[in-house]
Amino acid sequence: MNKIKLIYEGKAKKVYETDDPTLAIFEYKDSLTAFNAQKKDTMQGKGRLTNLISATFLKLLQDKGIPTHFVKLLDDNHQLVKRLKIIPLEVVVRNTSTGSLCKRLGVEEGLDLVPPLVEFYLKNDELGDPLVTEDHIRAFCFASKPQVEKMKELSLKVNDILSKYLYERGIKLVDFKLEFGTDEEGNIYVADEISPDTCRFWDLSSKERLDKDRFRKDLGNVLEAYEEIWHRISQPKAAIQKRYEAKLFIYLKEGVLDTQGKTVLSSLHSLNYPEVQDVRVGKYLKITLNSPSHQEAEFKVKKMCEDLLVNDLIEEYAFELEEI
Ligand code: ADP
Ligand code: MG
């Protein structure tokens, strides 16, 4: 497949015609823009990352039954897509309040939005992509009612799939923007790109921004953040660590005095249980530990007790385990 003619050069990509009129080639550029292109920069290697990240997300969605324009990755900076007629709306899905939502409505940043918010913006750079209601869309025929319904339905499905995928890789999907297009038969597809340029990604634990907000807000390390996203999504999912609390009903051996749980904790550490974070002594011993599942946590606690038994610290044991 060859590039024949440049059809459009946008802020982030060049779009080329190919020898097949139903297909187009996207070339991802190294340029970064924000605030409707008032802020601009170039970062070498950024186009490769947005191309690879976007291809990964679009392929994932396609495998889960979402129609997308993605056909295949051609090389580091190019991908082949279905050539579509773009619906002039940007659909934004928000799981957490931030950005223009907070500015516009004066609400606090970081609020969980359950169910997620779906917003429509008119794709018009001259007007600064204004927010529009479904009535505006209907009144001015920006899209038909069934198209609006379909875009909403697909956007929420995309949100579910990507949120889960990213969560398993330690990333919170805060919000994102989608574009949609139609083919000759009027079928709707997710189009354009899904990347740190068009989504907000926060590290799950540190809340560190791993997206274009680093550029918007001059936080530095923009490319490193995009690299981090690429690194995490191109790896198999990490085992999610959950926290469990076990109440141990143990009877200490005669002569063992352990009012602060320190003897048991240091024994457990020396018995090679580094995941035990805390031991407390009261009516029972309370320990907390990290584990990917209840079954594994139960197995671990049982084994710990047996090791302590063998180690002559306790005489008998029973325990209750719950996720915290
Ligand atoms: P912009 O500066 O307008 O955001 P980009 O740099 O993102 O432009 O370039 C991509 C352009 O191609 C956008 O205008 C986008 O709407 C459009 N586009 C996205 N997907 C497709 C597609 N499958 N077919 C045709 N055009 C598309
Ligand atoms: Mg764009």
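Here, every reference points to the structure presented above.
Computed from a predicted structure; not experimentally measured. (Residues numbered from 1 in each chain as written. Chains lettered and ligands numbered in written order. Predicted model: local features only at pLDDT ≥ 70, side-chain atom pairs only at ≥ 80, totals over all residues. Heavy atoms only, no water.)

**Student:** Which residues make up the overall build of the chain, and what are the values?
**Tutor:** When its secondary structure is counted, the chain shows 8 helices and 17 strands. Over its C-alpha atoms the chain spans a radius of gyration of 26 Å, topping by over 25% the 20 Å that the globule rule assigns to 324 residues. Structurally, the chain occupies a C-alpha span of about 85 × 40 × 40 Å along its principal axes. Partitioning the contacts of the chain with sequence separation of at least 6, the portion at a separation of at least 24 is 58%. Counting every atom, the chain has about 17,200 Å² of accessible surface; 50% of that belongs to carbon and sulfur. The centroid of the 49 positive side-chain charges in the chain is displaced by 3 Å from the centroid of its 55 negative side-chain charges. (Helix = DSSP H or I, 4+ residues; strand = E, 2+ residues; numbered from the N terminus. Rg over C-alpha atoms; globule rule 2.2 N^0.38 Å. Contact = heavy atoms within 4.5 Å. Areas by Shrake-Rupley, 256 points an atom, 1.4 Å probe, with all protein chains shown as cover. Lys, Arg positive; Asp, Glu negative; His and termini not counted. Charge placed at Lys NZ, Arg CZ, Asp CG, Glu CD.)

**Student:** Account for helix α1 (residues 46-63), with residues named and values stated.
**Tutor:** If you check α1, its first and last C-alpha atoms are 26 Å apart, about what 18 residues at 1.5 Å a residue would give, namely 26 Å. Within α1, 13 of the 18 residues are buried, leaving the element largely enclosed by the surrounding structure. Two residues or fewer after α1 comes G65, characterised by a positive phi angle close to 90°. (Expected span 1.5 Å × (residues − 1). Buried < 20%, exposed > 50% of the residue type's maximum accessible area, 1.4 Å probe, protein only.)

**Student:** Explain the nonpolar core to me, using residue names and the numbers behind them.
**Tutor:** Ranked by size, the top nonpolar core spans 48 residues in total, and within it F57, L89, M151, L162, F180, I194 and F201 carry the most contacts. When residues no more than four places from it in sequence are discounted, the contact partners of M151 are I87, L89, V91, F120, A143 and F180. Listed in part, the 20 residues of the second largest apolar core include I250, L268, V301 and L308. (Core = buried A, V, L, I, M, F, W, Y, C linked by side-chain atoms within 4.5 Å.)

**Student:** Could you give an account of the site of ligand 1, naming the residues involved and the relevant values?
**Tutor:** Around ligand 1, 16 residues are found, and the nearest of them are Y8, K11, A12, K13 and E179. With respect to ligand 1, the backbone of A12 contributes an N or O atom lying 2.6 Å from an oxygen atom. Interatomic distance of 2.6 Å between a side-chain N/O atom of E179 and an oxygen atom of ligand 1. Surface burial for ligand 1 is 89%, taken as the share of its 550 Å² of free accessible area covered by protein chains. Per-class residue counts for the shell around ligand 1 are 7 nonpolar, 2 polar and 7 charged. (Near = heavy atom within 4 Å. Polar contact = N/O pair within 3.5 Å; in protein donor to acceptor, adjacent residues only side chain to side chain. Nonpolar A, V, L, I, M, F, W, Y, C, P; charged D, E, K, R; others polar.)

**Student:** So, unusual backbone geometry: which residues are in play, and what are the values?
**Tutor:** Along the chain, V114 connects to P115 via a cis peptide bond; the corresponding omega equals -5°. In this structure, D218 takes a positive phi of about 55° despite not being glycine. Assignment of secondary structure puts D218 in the loop between α5 (213-216) and α6 (222-233). D218 gets classed as exposed once you look at its relative accessible area, which sits at 62%.

**Student:** Could you give an account of the sheet that holds strand β7 (residues 78-82), naming the residues involved and the relevant values?
**Tutor:** The 5 strands lie next to each other as β1-β2-β3-β7-β6, forming an open sheet whose pairing is antiparallel. Lying at the two open borders of the sheet, with one neighbouring strand each, are β1 (5-9) and β6 (70-75). For this sheet the average axis-to-axis angle between neighbouring strands, irrespective of direction, equals 30°. Pairing between β1 and strand β2 (residues 13-17): 4 bridges, direction antiparallel. Note that in β2 the partner of K5 across the bridge is E17. (Pairing = 2+ DSSP bridges. Axes fitted to C-alpha atoms, helices over the stretch in contact; angles between N-to-C directions.)

**Student:** Give me a nonpolar patch on the surface: which residues, what numbers.
**Tutor:** The grouping of L105, V107 and L111 at the surface amounts to a nonpolar patch, some 240 Å² of accessible area in total. Its place among the elements puts L105 in helix α2 (residues 99-105). For L105, a relative accessible area of 55% gives the class exposed. (Patch = residues over 30% accessible without salt bridge, like charges linked within 9 Å, V, L, I, M, F, W, Y side chains within 5 Å. Salt bridge = Lys/Arg side-chain N within 4 Å of Asp/Glu carboxyl O.)

**Student:** I'd like a rundown of the pattern of salt bridges, residues and numbers included.
**Tutor:** Considering all chains together, one arrives at 31 salt bridges under this definition. Salt-bridge contacts for R200 lead to D213; the nearest nitrogen and oxygen are separated by 2.7 Å. With R200 in strand β13 (residues 199-203) and D213 in helix α5, this pair connects stretches of sequence that are 13 residues apart. Exposure remark for D213: the relative accessible area of 2% places this residue in the buried category. Taken together, the shared-partner salt bridges in this structure form one network comprising R94, R104, E119, D175, R200, D213 and R216.

**Student:** Would you mind going over the environment of E179 in detail, with residue names and values included?
**Tutor:** With respect to the helices, strands and loops of the structure, E179 is situated in strand β11 (residues 171-182). Among the residues examined, E179 registers a relative accessible area of 5% and is labelled buried. Sequence-distant contacts of E179, defined by excluding residues within four places in its chain, comprise I86, L89, E90, K123, Y189, V190, A191 and D192. Within the structure, the side chain of E179 is placed 2.8 Å from the side chain of K177, a separation counted as a polar contact.

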